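In case you want the letters, here they are:
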Amino acid sequence: MHSGDSSFLDVAVIGAGFGGICTAKRLLDEGIDNFLVFDRSLRVGGTWEANTYPGAQCDIPAALYSFSFAPKPDWSRLYPLQPELFDYLQKVSDDFGVTPHLRLDHEVLDLTWIDEDQMWSLRTSEGEWAARVVVGAIGPFSEPANPHFEGIEDFRGEVQRSANWDHDRDWSGKRIGVIGTGASGVQIIPQAQAAGKSLTVFQRTPTWIMPHPDRPIPGWMQNLFERVPATQRALRTSIDLALESMVPGLVWRPSLLKGMEAVARMHLRRQVRDPELREALTPQYMFGCKRPTFSNKYYPAMAASNTEVVTEGIKRIVPEGVETRDGRVHELDVLVLATGFKVAGHPFYDRVHDSNGVSLTEQWSPSPYCYMGTAANGFPNLFQILGPNAAVYTSMVVVIEAQVEYIISALEKMREHGLSSLEVREDVIDAYTEELDGKLAGSVWNSGGCASYYLDANGRNVAWFPGFFRQFRARTKSIELADYLSRDTSAQPLRDPSTPAESGTKESSYS
Ligand code: NAP
């Protein structure tokens, strides 16, 4: 452990993306400044620091995909590209005083709850700390899935991974192969088609693609947003309501999504003339079951004369390229893997242990679950951002803000009542999980006829909250102490543990 006072933290935040930066800003608002934000990367940004592949773009408009407390009137486009989002997060971190609290290049290797001390012990790549409370803002898309392809180590060309793009490599004029046609693949493929001599796309499952409404934001509009901020707030609200209007179809009545499916079919018909290719690109599952995305460039790239769309399964990788199940070898110079992320089985959860040494992964066997996407029983004072079932059909930034308010309310209550720990009650989390599972059963994600990362190996939907964002926000507005077991000490809850407690701890419930 680090010597001196600096090794004990009131709060340790893990992750310096949208979640970690928002938490840090709100802690400072509340006068809590004994905290650090740890991140394994060298820079802030989280997903927008890691995903720098050509064409990386957010598919939620910036007016809603930004913090409510940090509007930016001069977004250059309706849907921002990765560099602009990355710059935004760096600026927010500087402007709101978060930067001095960052500990970058600090990978958290182990987190263990020490019950007798009522604190977390953190081991990082750069030293050890103790913290009363831990906020895990690790991001659901921070660990690439990296499925194993037999023979990949013998491939003579270059392998590029969407989540860890090597910009020193040049792919122009080369024979490029892309595995993966999810949101990342859909953005990479037009770039690869334009730059490469040839493009081979290995498609396992097609994605529903909508026309992209993206456009540059003209100067006069940026000026208007600057001078009359209410106009940008009005845009934010209208995007929020448009996304909310999708929820009834996604959650309760998937037949309501037929209109969206018709728009996507028309988009495909307009952009792809070849009936055979069109057939190959038509999803055989309901719109919304897998994540739909936007693009005006994807279908033209798939239909281009230098592109081949291969739907035969991949048998193995050979030194010259990819061999498919029909025995064909597709020769390549570059192989791009846009094969997704470990969402349910994120390896970080192996590093989090309760006071008996049980990991969060073990606790969550067979399926992960979380109260309000935030708290897990058995793990006191651990609050997660975008944990299991925290995805709501809106901008993840507004979900993060709602979860951070919930966490801040927990810290306030700990301070107010002199509590050293809070742990969600098992019966509360069981009832919540049962409620979610029941509501999700009829959702398009569960019943739309596809396999997706939303469902874990046991078929549990571990991604979505089944309802409107407004419902999620109302439920996370403030922590209910009755939902939690608490430890009550006479000492202040957010304090240096070297200060002796005047009396022992006692467990209580506020029910
Ligand atoms: P993804 O949606 O999980 O897509 C992974 C792709 O790889 C799928 O097409 C999948 O096929 C394919 N694949 C995986 N393993 C394979 C294998 N062994 N053989 C052949 N194909 C394989 O991952 P992603 O595209 O990186 O997107 C993940 C999430 O990140 C998105 O859902 C979104 O939430 C976020 N994202 C957002 C944006 C944006 O805002 N525009 C951009 C990128 C990512 P199957 O479908 O058959 O499994």
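**Considerations on a nonpolar patch on the surface**
Turning to step 1, where the next piece is worked out: The grouping of Trp220, Leu224 and Val228 at the surface amounts to a nonpolar patch, some 290 Å² of accessible area in total.
Turning to step 2, where the next piece is worked out: Mapped onto the elements, valine 228 comes out in the loop between α5 (219-227) and α6 (229-244).
Turning to step 3, where the next piece is worked out: You can call valine 228 partly exposed: its relative accessible area is 37%.

**Quick word on the sheet that holds strand β12 (residues 307-310)**
Pairing between sheet strands relies on hydrogen bonds along the backbone, with the strands arranged either parallel or antiparallel.
Turning to step 1, where the next piece is worked out: Spatially, β7-β16-β8-β9-β12 is the arrangement adopted by the five strands of the open sheet, whose pairing is parallel. Only two strands of the sheet have a single neighbouring strand rather than two, namely β7 (158-161) and β12. Within this sheet the neighbouring strands show an average axis-to-axis angle of 20 degrees, counted without direction.
Turning to step 2, where the next piece is worked out: The strands touched by helix α4 (residues 183-195) are β8 (175-179), β9 (198-202), β12 and β16 (334-337); relative to β9, the strand with the most contacts, the crossing angle is about 155 degrees.

**Focus on the domain arrangement of the chain**
Turning to step 1, where the next piece is worked out: Domain boundaries in the chain define domain 1 (8-143 + 342-428 + 470-503) and domain 2 (152-219 + 230-337).
Turning to step 2, where the next piece is worked out: Facing 31 residues of domain 1, the contacting portion of domain 2 comprises 32 residues.
Turning to step 3, where the next piece is worked out: Counting the surface lost from both domain 1 and domain 2, the interface buries some 2,800 Å², and carbon and sulfur atoms represent 53% of this.
Turning to step 4, where the next piece is worked out: One salt bridge connects arginine 470 with glutamate 244, and the closest N-O pair in it is separated by 2.7 Å.
Turning to step 5, where the next piece is worked out: At the level of elements, α12 (396-417) and α15 (469-475) are the ones that each hand at least two residues to the side of domain 1 that touches domain 2.
Turning to step 6, where the next piece is worked out: The residue inventory of the side of domain 1 that touches domain 2, partitioned by class, reads 16 nonpolar, ten polar and five charged.

**Focus: the nonpolar core**
Turning to step 1, where the next piece is worked out: Among the nonpolar cores identified, the biggest contains 112 residues, and Phe18, Phe67, Leu122 and Tyr371 are the most heavily contacted of them.
Turning to step 2, where the next piece is worked out: For this core, the leading source of residues is α12, giving twelve residues.
Turning to step 3, where the next piece is worked out: Counting only domains with at least three residues in this core, you end up with domain 1 (8-143 + 342-428 + 470-503) and domain 2 (152-219 + 230-337).
Turning to step 4, where the next piece is worked out: In this view, phenylalanine 67 contacts Phe18, Ile21, Cys22, Tyr88, Leu89, Val92, Arg236, Val397 and Glu401; residues no more than four positions away in its chain are not counted.
Turning to step 5, where the next piece is worked out: Within the second largest apolar cluster, 25 residues are counted, among which are Trp171, Leu268, Tyr298 and Ala301.

**Let's talk about empty space enclosed by the protein**
Once rolled over the atoms, a probe with the size of a water molecule shows which space is left empty.
Turning to step 1, where the next piece is worked out: The final tally for this structure, using the stated rule, is four cavities of 30 Å³ or more.
Turning to step 2, where the next piece is worked out: The calculated volume of the largest cavity comes to roughly 60 Å³.
Turning to step 3, where the next piece is worked out: Looking at the largest cavity, the residues that line it are Gly136, Ile138, Gly139, Phe348, Tyr349, Val352, Leu360, Leu382, Gln384, Ile385, Leu386 and Gly387.
Turning to step 4, where the next piece is worked out: The residue inventory of the lining of the largest cavity, partitioned by class, reads eight nonpolar, four polar and no charged.

**A short note on the site of the ligand**
Turning to step 1, where the next piece is worked out: If you check the shell around the ligand, you find 23 residues, and the closest are Gln57, Ser184, Thr205, Lys290 and Tyr453.
Turning to step 2, where the next piece is worked out: Residue arginine 291 places a side-chain N or O atom 3.0 Å away from an oxygen atom belonging to the ligand.
Turning to step 3, where the next piece is worked out: Residues of the shell around the ligand, tallied by class, amount to ten nonpolar, nine polar and four charged.
Turning to step 4, where the next piece is worked out: In this structure, the shell around the ligand is formed jointly by two domains, domain 1 (8-143 + 342-428 + 470-503) and domain 2 (152-219 + 230-337), each of which donates at least three residues.

**What about the sheet that holds strand β15 (residues 329-331)?**
Turning to step 1, where the next piece is worked out: The three strands are arranged β13-β14-β15 in an open sheet whose pairing can be described as antiparallel. Because the sheet does not close on itself, it has two edges, and the strands there are β13 (314-318) and β15. Taking each pair of neighbouring strands and ignoring which way they run, the sheet shows an average axis angle of 25 degrees.
Turning to step 2, where the next piece is worked out: In the sheet, β13 pairs with strand β14 (residues 321-324) via four bridges, with the strands oriented antiparallel. Bridged to arginine 316 within β14 is glutamate 323.

**Overview of the packing of α5 against α6**
Turning to step 1, where the next piece is worked out: Where α5 meets α6, the closest approach of the two axes is 4 Å, and the angle between their N-to-C directions is 105 degrees. Between α5 and α6, the interaxial angle falls into the category roughly perpendicular. Residue-level inspection shows Leu224, Phe225, Glu226 and Arg227 of α5 in contact with α6, the latter providing Pro229, Thr231, Gln232 and Leu235.

**A short note on the environment of isoleucine 179**
Turning to step 1, where the next piece is worked out: Turning to its location among the elements, isoleucine 179 is positioned in strand β8.
Turning to step 2, where the next piece is worked out: C-alpha of isoleucine 179 to C-alpha of arginine 204: the two residues are 25 residues apart in sequence and 8.4 Å apart in space.
Turning to step 3, where the next piece is worked out: If we ignore the near neighbours within four places in the chain, the residues touching isoleucine 179 are Phe149, Phe202, Ile314, Leu335, Val336, Leu337, Ala338 and Thr339.

**Structural notes on the pattern of salt bridges**
Turning to step 1, where the next piece is worked out: Using the criterion set out here, one finds 27 salt bridges in the structure.
Turning to step 2, where the next piece is worked out: Glutamate 405 is paired through a salt bridge with arginine 26; the nearest N and O atoms lie 2.6 Å apart. One end of the pair, glutamate 405, is in helix α12; the other, arginine 26, is in helix α1 (residues 18-29), and 379 residues separate them in sequence.
Turning to step 3, where the next piece is worked out: Across the pair glutamate 49 and arginine 43 runs a salt bridge, and its minimum N-O distance is 3.5 Å.
Turning to step 4, where the next piece is worked out: Because the salt bridges share partners, they merge into one network encompassing Lys25, Arg26, Asp29, Glu30 and Glu405.

**Focus on the environment of glycine 182**
Turning to step 1, where the next piece is worked out: Structurally, glycine 182 can be placed in the loop between β8 and α4.
Turning to step 2, where the next piece is worked out: Judged by relative accessible area, which is 31%, glycine 182 ranks as partly exposed.
Turning to step 3, where the next piece is worked out: For the pair formed by glycine 182 and isoleucine 400, sequence separation is 218 residues and the distance between their alpha carbons is 23 Å.

**Regarding the state of the cysteines**
Turning to step 1, where the next piece is worked out: Summed over all chains, the structure comprises one disulfide.
Turning to step 2, where the next piece is worked out: The disulfide bridge from cysteine 289 ends at cysteine 450, spanning 2.0 Å between sulfur atoms. Looking along the S-S bond of the cysteine 289-cysteine 450 disulfide, the torsion reads about -90 degrees, which is the left-handed sense. Residue cysteine 289 is found in the loop between α9 (275-280) and β11 (293-294), and its partner cysteine 450 is found in the loop between α14 (444-447) and α15; the two are separated by 161 residues along the sequence. Each member of the pair cysteine 289 and cysteine 450 is classed as buried.
Turning to step 3, where the next piece is worked out: Its sulfur unpaired, cysteine 22 is 16 Å from the next cysteine sulfur, which belongs to cysteine 58.
Turning to step 4, where the next piece is worked out: Among the cysteines around cysteine 370, which has no disulfide bond, cysteine 22 carries the closest sulfur, lying 17 Å off.

Rules used in this analysis
Residues numbered from 1 in each chain as written. Predicted model: local features only at pLDDT ≥ 70, side-chain atom pairs only at ≥ 80, totals over all residues. Heavy atoms only, no water. Patch = residues over 30% accessible without salt bridge, like charges linked within 9 Å, V, L, I, M, F, W, Y side chains within 5 Å. Areas by Shrake-Rupley, 256 points an atom, 1.4 Å probe, with all protein chains shown as cover. Salt bridge = Lys/Arg side-chain N within 4 Å of Asp/Glu carboxyl O. Helix = DSSP H or I, 4+ residues; strand = E, 2+ residues; numbered from the N terminus. Buried < 20%, exposed > 50% of the residue type's maximum accessible area, 1.4 Å probe, protein only. Pairing = 2+ DSSP bridges. Axes fitted to C-alpha atoms, helices over the stretch in contact; angles between N-to-C directions. Contact = heavy atoms within 4.5 Å. Domains from an automatic or database assignment. Buried area = accessible area lost by both parts, 1.4 Å probe. Nonpolar A, V, L, I, M, F, W, Y, C, P; charged D, E, K, R; others polar. Core = buried A, V, L, I, M, F, W, Y, C linked by side-chain atoms within 4.5 Å. 1 Å grid on protein atoms, 1.4 Å probe; cavity = no way out; pocket = protein on both sides within 12 Å on 5 of 7 lines; lining within 4 Å. Points joined across faces, edges and corners; volume = space filled by probe spheres on them. Near = heavy atom within 4 Å. Polar contact = N/O pair within 3.5 Å; in protein donor to acceptor, adjacent residues only side chain to side chain. Parallel < 35°, antiparallel > 145°, perpendicular 65-115°, else oblique. Disulfide = S-S within 2.5 Å.

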